[in-house]
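If you want the building blocks of each chain, they are given just below.
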Amino acid sequence: PSTPVQSTPAVSTTAAAQSYSCDLNKPHTTLQLRLHDGTRLVAKFNLTDTVQTICNFVAASCPGLNRQFVLATTFPKKELVDMNQTIEQAKLQNAALVQTLK
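Quick caveat: nothing in here was measured; it's all calculated off a predicted structure.

A. Seen up close, the packing of aromatic side chains. Per the stated rule, a full pass over the model turns up one aromatic pair. Between F45 and F57 the ring centres are 5.4 Å apart and the planes differ by 80°, which places this aromatic pair in the edge-to-face class. Of this pair, F45 sits in strand β2 (residues 40–46) while F57 sits in helix α2 (residues 51–61), placing them twelve residues apart in sequence. For the pair F45 and F57, one class covers both residues: buried.

As structure tokens, this is what we get:
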């Protein structure tokens, strides 16, 4: 039996999981996402997905959050500003990203 892809003890990603689906038959990576409130998400994304896709996933994971946010790599810290860049182009394979409120 296979285990659920998005099982993390930290938070239920039901809404976020419904808003996005990774095609495991294509090249993919696992991203660790630390939300502004300290919640940790682990999710799989295709390398052809864009930074915007990650932002949409994070937004769906924070229902009720009406503030804008930015995502950044942890070290060296670099804000993700090009929303059309793919995960592969942004070199985010297996990255840890942090959400900061604007």
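B. Highlighting the confidence of the model for the protein. For the protein, per-residue confidence averages 83 on the pLDDT scale, and 81% of positions sit at 70 or higher. Mean pLDDT across the secondary structure elements of the protein bottoms out at helix α1 (residues 14–19), with 57, and peaks at strand β1 (residues 28–34), with 95. Every residue in residues 1–13 is under pLDDT 50, and counting partners more than four places away or in other chains gives 15 contacts.

C. Inspection of the pairing of strand β3 (residues 69–73) at higher detail. Judged by how many residues are buried, β3 sits mostly within the fold: five of five residues are covered. By the alternation rule, side chains of β3 split into F69, L71 and T73 and V70 and A72, which are all buried. In the sheet, β3 pairs with strand β4 (residues 96–101) via five bridges, with the strands oriented antiparallel. Residue pairing for β4: F69 is matched across the bridge by L101.

D. Molecular detail of the side chain of T39. Inspection of the secondary structure assignment puts T39 in the loop between β1 and β2. Judged by its relative accessible area of 17%, T39 is buried. A distance of 2.7 Å separates a polar atom in the side chain of T39 from a polar atom in the side chain of D37.

E. Up close: the sheet that holds β4. An order of β2-β1-β4-β3 is seen for the four strands of this open sheet, with the pairing classed as mixed. Looking along the sheet, the strands with just one partner apiece sit at the ends: β2 and β3. With direction set aside, neighbouring strand axes in the sheet form an average angle of 30°. Here β1 runs beside β4; their pairing, made up of three bridges, is parallel. The residue of β4 that forms the bridge with Q32 is A96.

Rules of the game
- Residues numbered from 1 in each chain as written.
- Predicted model: local features only at pLDDT ≥ 70, side-chain atom pairs only at ≥ 80, totals over all residues.
- Heavy atoms only, no water.
- Phe/Tyr/Trp six-rings, centres within 6.5 Å; stacked < 30°, edge-to-face > 60°.
- Helix = DSSP H or I, 4+ residues; strand = E, 2+ residues; numbered from the N terminus.
- Buried < 20%, exposed > 50% of the residue type's maximum accessible area, 1.4 Å probe, protein only.
- pLDDT = per-residue confidence, 0-100.
- Contact = heavy atoms within 4.5 Å.
- Pairing = 2+ DSSP bridges.
- Polar contact = N/O pair within 3.5 Å; in protein donor to acceptor, adjacent residues only side chain to side chain.
- Axes fitted to C-alpha atoms, helices over the stretch in contact; angles between N-to-C directions.

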